[in-house]
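# Notes for the structure review
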Number of protein chains: 2
Amino acid sequence: MKGHARDGLVHVGGDARQRFYDSRGYGRPREGDDVVLAPVEAAHLLFRGDLDAVEVEGRDCGFADYLARQGPGFGARFVVYADLRDRGFYLSPARDGWVADSEGIDFVVYPRGDGPWDDTEAYRIRTVSERADVAAGALGDVTLAVVDEESDITYFETERLALPDDAPETPPTADGVLLDDRVVVWEPPERLHHAFFYGQPLTGRAAEHAPLQLSLVEAAHLAAVGALSVEGGVEAVVAHGRDAEGDRFDRRLRAYRALRDAGYTPKTGFKFGADFRVYHDIEDADNLGHSPWLVRALPADHTFSPRDVALDVRLAHGVRKRMVFALDAQDSPDWLAVSRLTP
Amino acid sequence: MKGHARDGLVHVGGDARQRFYDSRGYGRPREGDDVVLAPVEAAHLLFRGDLDAVEVEGRDCGFADYLARQGPGFGARFVVYADLRDRGFYLSPARDGWVADSEGIDFVVYPRGDGPWDDTEAYRIRTVSERADVAAGALGDVTLAVVDEESDITYFETERLALPDDAPETPPTADGVLLDDRVVVWEPPERLHHAFFYGQPLTGRAAEHAPLQLSLVEAAHLAAVGALSVEGGVEAVVAHGRDAEGDRFDRRLRAYRALRDAGYTPKTGFKFGADFRVYHDIEDADNLGHSPWLVRALPADHTFSPRDVALDVRLAHGVRKRMVFALDAQDSPDWLAVSRLTP
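Numbering of residues starts from 1 in each chain and follows the order in which that chain's sequence is written. Lettering for chains starts from A, numbering for ligands starts from 1, and both go in the order in which the items are written. Since the coordinates come from a predicted model, pLDDT governs what is reported: local features require at least 70, and pairs of side-chain atoms require 80 or more to be given and counted, while whole-chain, interface and lining totals use all residues. As a rule here, side-chain values come from all non-hydrogen atoms in the structure, and water together with hydrogens is ignored.

An unreviewed UniProt entry lists chain A under the name tRNA-splicing endonuclease, with Salarchaeum japonicum as the source organism. UniProt positions are given in the numbering used here, feature names are shortened, and annotations may be inferred rather than shown by experiment. Here is the UniProt Sequence similarities (unreviewed entry) comment for chain A, exactly as written: "Belongs to the tRNA-intron endonuclease family. Archaeal long subfamily." According to UniProt, the comment filed for chain A under the heading Subunit (unreviewed entry) is "Homodimer."

Glancing now at the overall build of chain A. Helix and strand content of chain A: 9 helices and 24 strands. For chain A, the C-alpha radius of gyration of 27 Å lies well beyond 20 Å, the compact-globule estimate for 343 residues. Each principal axis of the C-alpha distribution contributes one length, and for chain A these read about 85 × 35 × 30 Å. Each residue is placed in one exposure class: buried if its accessible area under a 1.4 Å probe, protein chains only, is under 20% of its type's maximum, exposed if it is over 50%, and partly exposed if it falls in between. The buried share of chain A, taken over its 343 residues, is 55%. Partitioning the contacts of chain A with sequence separation of at least 6, the portion at a separation of at least 24 is 50%. Under the convention used here, a 1.4 Å probe and the Shrake-Rupley method define accessible areas, while residue burial counts only the protein chains that appear. For chain A, the accessible area works out to roughly 14,300 Å², and carbon and sulfur atoms hold 43% of it. Runs of H or I in DSSP of at least four residues are treated as helices and runs of E of at least two as strands, each being numbered from the N terminus. Two things to know: the radius of gyration comes from C-alpha atoms, and the globule rule equals 2.2 Å times the number of residues to the power 0.38. Two residues form a contact once any of their heavy atoms are found within 4.5 Å.

The next point concerns the environment of G269 of chain A. On the secondary structure map, G269 of chain A appears in the loop between β19 (265-268) and β20 (276-279). Excluding its chain neighbours within four sequence positions, the residues that come into contact with G269 of chain A are A274, D275, F276 and R277 of chain A.

Counting residues at the interface gives 62 residues for chain B, matched by 62 residues for chain A. Values labelled buried area give the accessible surface lost by two parts on being combined, using a 1.4 Å probe and summing over both. Summing the contributions of chain B and of chain A, the shared interface buries around 5,500 Å²; its carbon and sulfur component is 53%. Throughout this description, the term salt bridge denotes a Lys or Arg side-chain nitrogen within 4 Å of a carboxyl oxygen of Asp or Glu. There are 10 salt bridges connecting chain B and chain A. Whenever a nitrogen or oxygen atom comes within 3.5 Å of another N or O atom, the pair is scored as a polar contact, on the condition that within protein one atom can donate a hydrogen and the other can accept it, and that pairs from neighbouring residues in sequence are kept only if both atoms are in side chains. Along the contact surface separating chain B from chain A lie 28 residue pairs in polar contact (both at pLDDT 80 or more). Ranked by residues supplied to the side of chain B that touches chain A, first place goes to helix α9 (residues 306-318) of chain B with 7 residues. Split by residue class, the side of chain B that touches chain A holds 27 nonpolar, 12 polar and 23 charged. Three residue categories are used. Nonpolar comprises Ala, Val, Leu, Ile, Met, Phe, Trp, Tyr, Cys and Pro, charged comprises Asp, Glu, Lys and Arg, and polar comprises the others, including Gly.

Right, let's get into the pairing of strand β11 (residues 142-147) of chain B. Residue and element names in this part refer to chain B. Counting buried residues along β11, 6 of its 6 residues qualify, which places the element largely inside the surrounding structure. The two faces of β11 match: V142, L144 and V146 on one face and T143, A145 and V147 on the other face are all buried. By definition, two strands form a pair when at least two bridges between them are found by DSSP. When strand β9 (residues 123-129) meets β11, the two strands line up parallel, connected through 5 bridges. In the sheet register, S129 faces β11, and the bridge partner there is V147.

Over its 15 residues, helix α8 (residues 247-261) of chain A extends 21 Å from the first C-alpha to the last, a length consistent with the 21 Å expected when each residue adds 1.5 Å. Those residues of α8 of chain A that fall on the buried side of the exposure criterion are F249, D250, R251, R252, L253, A255, Y256, A258, L259 and R260 of chain A. Take the residue count of a helix, subtract one, and multiply by 1.5 Å to get its expected span.

All names here are of chain A. UniProt's feature table lists "active site" (unreviewed entry) at Y279, H290 and K321, given in the numbering used throughout. Sequence-wise these annotated residues cover 43 residues; spatially they are packed, their C-alpha atoms never more than 10.5 Å apart. Here Y279 is to be found in strand β20. Beyond its immediate chain neighbours, meaning those up to four positions away, Y279 contacts F197, Y264, T265, K267, L288, G289, H290, S291 and P292. Along the chain, the position of K321 falls in the loop between α9 (306-318) and β23 (322-327). In contact with K321, not counting residues within four places along its chain, are F272, H290, S291, P292, W293, L294 and A316.

A patch consists of residues exposed above 30% relative accessible area that lack any salt bridge, with like charges linked at up to 9 Å and nonpolar side chains (Val, Leu, Ile, Met, Phe, Trp, Tyr) linked at up to 5 Å. For the charge count, each Lys or Arg is scored as positive and each Asp or Glu as negative, with His and the chain ends excluded. Charged side chains are reduced to one point each, which is NZ for Lys, CZ for Arg, CG for Asp and CD for Glu. A surface patch of negative charge is lined by D15, E31, D33 and D34 of chain B. Of note, E31 of chain B is situated in the loop between β3 (28-29) and β4 (35-37).

With that settled, the discussion passes to the sheet that holds strand β17 (residues 212-214) of chain A. All names here are of chain A. If you trace the 4 strands from one edge of the open sheet to the other, you get β14-β15-β17-β16, paired in antiparallel fashion. Each edge of the open sheet carries a strand with a single partner, namely β14 (177-179) and β16 (200-201). Bridging between strand β15 (residues 182-185) and β17 involves 3 bridges; their strand directions are antiparallel. The partner of V183 across the bridge, within β17, is L214. All axes are obtained by fitting lines to C-alpha atoms, using only the stretch in contact for helices, and the reported angles, taken between N-to-C directions, cover 0 to 180 degrees. Contacting β14, β15 and β17, helix α6 (residues 216-224) crosses the sheet at an angle of about 90 degrees to β17.

Glancing now at the environment of A64 of chain B. Residue and element names in this part refer to chain B. Along the polypeptide, A64 turns up in helix α3 (residues 63-68). With relative accessibility at 28%, the residue A64 sits in the partly exposed group. As for A64 and H193, which are separated by 129 residues in sequence, their C-alpha atoms are 65 Å apart.

What follows is the structure, given as structure tokens:
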């Protein structure tokens with residue numbers, strides 16, 4: 001059986017409709033029993049031997065020839081298409097008129113057992129090479145299929161999150177001294193660390209009256225909500241933070257404040273290479289429970305390298321946390337969760 | 001008991017020698033029973049209440065006052081000093097004349113039970129803030145103590161590695177076609193993948209005669225050792241790699257080749273966010289065993305952000321691998337292993 005390339009599609013006659021579309025969800029039916037296939041579908045049918053050749057500009061092409069005639073990025077899309085077929089899914093190339101909202105995606109994958117004749121979707125797939133950059137703003141409600149240099153595929157689910165609206169209790173007031181990249185509270189109210197989990201006791205042990213070291217983001221937030229007196233006020237703390245980190249400090253502070261305002265408890269994520277680890281419900285400093293999120297604060301116009309996403313998400317997964325990116329915005333960040341997915 | 005600050009040291013008289021040096025390894029003895037202390041030692045003795053005050057410019061300072069008079073970076077050094085003392089170590093500030101080779105480090109830590117009067121060393125510690133940059137070239141044979149923004153400490157052991165000298169067998173020859181960021185071998189000799197673990201079969205399954213997809217680094221290496229024919233030769237493959245990745249491709253290729261020349265088997269480390277995962281002894285593609293290394297290839301003049309080190313090392317640890325950085329050099333990279341350490 002042979003196809004004919006025309007206008008960016010491959011036309012197949014004979015009983016193609018029954019063989020390819022009706023029974024296996026390839027292409028779209030046309031008048032009579034004809035079917036049109038997208039190039040990636042035609043390549044897959046050639047690869048499987050279900051098509052013998054595709055005629056391109058008067059020449060019959062087998063799989064290797066046909067592949068060699070396609071443009072950049074085709075190889076990556078082909079391996080993703082083939083992988084999802086191998087996993088038992090039917091899927092359609094995201095062409096205008098073939099699927100809804102085709103912008104920004106390459107494939108719509110149907111739930112197992114469903115096909116293009118159903119009104120269902122399991123995944124909306126965007127294929128990228130590991131060498132490509134991916135704009136953070138374009139993620140959320142799309143599954144990234146990253147093809148690495150050895151043509152292995154890693155799938156990432158991306159999702160926008162909303163933080164709860166909370167009105168958290170204001171912590172007790174304290175006096176602090178700005179000291180070399182931190183604020184020291186020499187006589188902290190006990191609940192500041194114990195109940196609200198601000199700061200780190202100077203001994204490294206939870207002694208009752210140990211001085212408390214606050215990070216600059218903690219101090220800036222406490223000063224802003226009126227719970228910390230420090231010379232120069234919140235401005236002095238923020239200025240110190242900017243000296244040390246530049247814009248990144250403001251970005252981290254906005255993420256920190258939004259998390260605290262949601263009733264969450266962010267602490268440094270340094271040991272995980274992130275900006276914050278986030279506790280959702282702490283009882284007190286001795287009963288923290290598990291912190292379910294790792295957060296990295298990024299500029300709104302950040303572009304991800306897929307390799308960096310792989311690193312963050314893999315680490316988070318290994319410590320049973322969810323990787324959440326705080327995409328900066330003027331008031332409060334947008335929250336983008338990314339997790340590994342096995343389709 | 002009181003100390004007197006003079007010429008960057010704190011002088012203590014009375015029975016200081018016996019109390020501070022002989023019995024607990026603080027400072028260095030001077031004439032009679034006097035002892036001189038480095039500022040971080042004086043601060044620790046103030047903090048513990050073993051010194052009542054240090055007189056600075058005619059004024060008696062307690063711990064808080066004394067701390068406030070020190071320069072940038074002192075706070076970080078103090079928390080590291082205190083932490084190591086808490087862990088039961090004696091340690092000396094790395095001053096000229098106090099310890100050997102004091103360049104580039106802050107403390108020499110003695111094995112538990114030993115002190116400055118012994119000729120032994122457990123760790124050579126360099127303290128950095130999580131916000132500092134650390135030149136890769138300066139690492140190796142030093143323990144990094146990173147103080148994060150909440151004054152928690154993470155210790156990293158750094159070590160230079162030598163690769164074994166091996167003369168690995170040359171793989172069987174094959175013909176490949178450059179195709180969209182990879183090289184496809186349509187009729188691969190079976191051992192190329194099965195025995196040498198080059199490439200990835202196109203089906204994703206280890207079918208006997210499946211076409212083999214080679215990454216560009218694999219293909220460039222195979223072409224260079226005369227095991228791959230491809231149009232344009234190794235130059236064409238390298239040019240393609242540079243188009244996609246710039247300098248990074250050459251850097252990765254030099255690391256890849258050095259690993260293969262050592263008899264190791266590097267494969268992509270993408271799923272771990274690294275350049276390569278490295279197998280040391282594979283039997284064949286079906287019996288790979290565990291890959292003990294993750295490798296990231298970096299320019300020779302790379303400066304680490306401690307947060308990135310934390311991320312890489314934590315991930316590697318979580319998958320029972322060692323994080324190894326390949327620091328680029330003209331012939332073969334220098335190898336720097338970094339692991340987490342609990343002193």
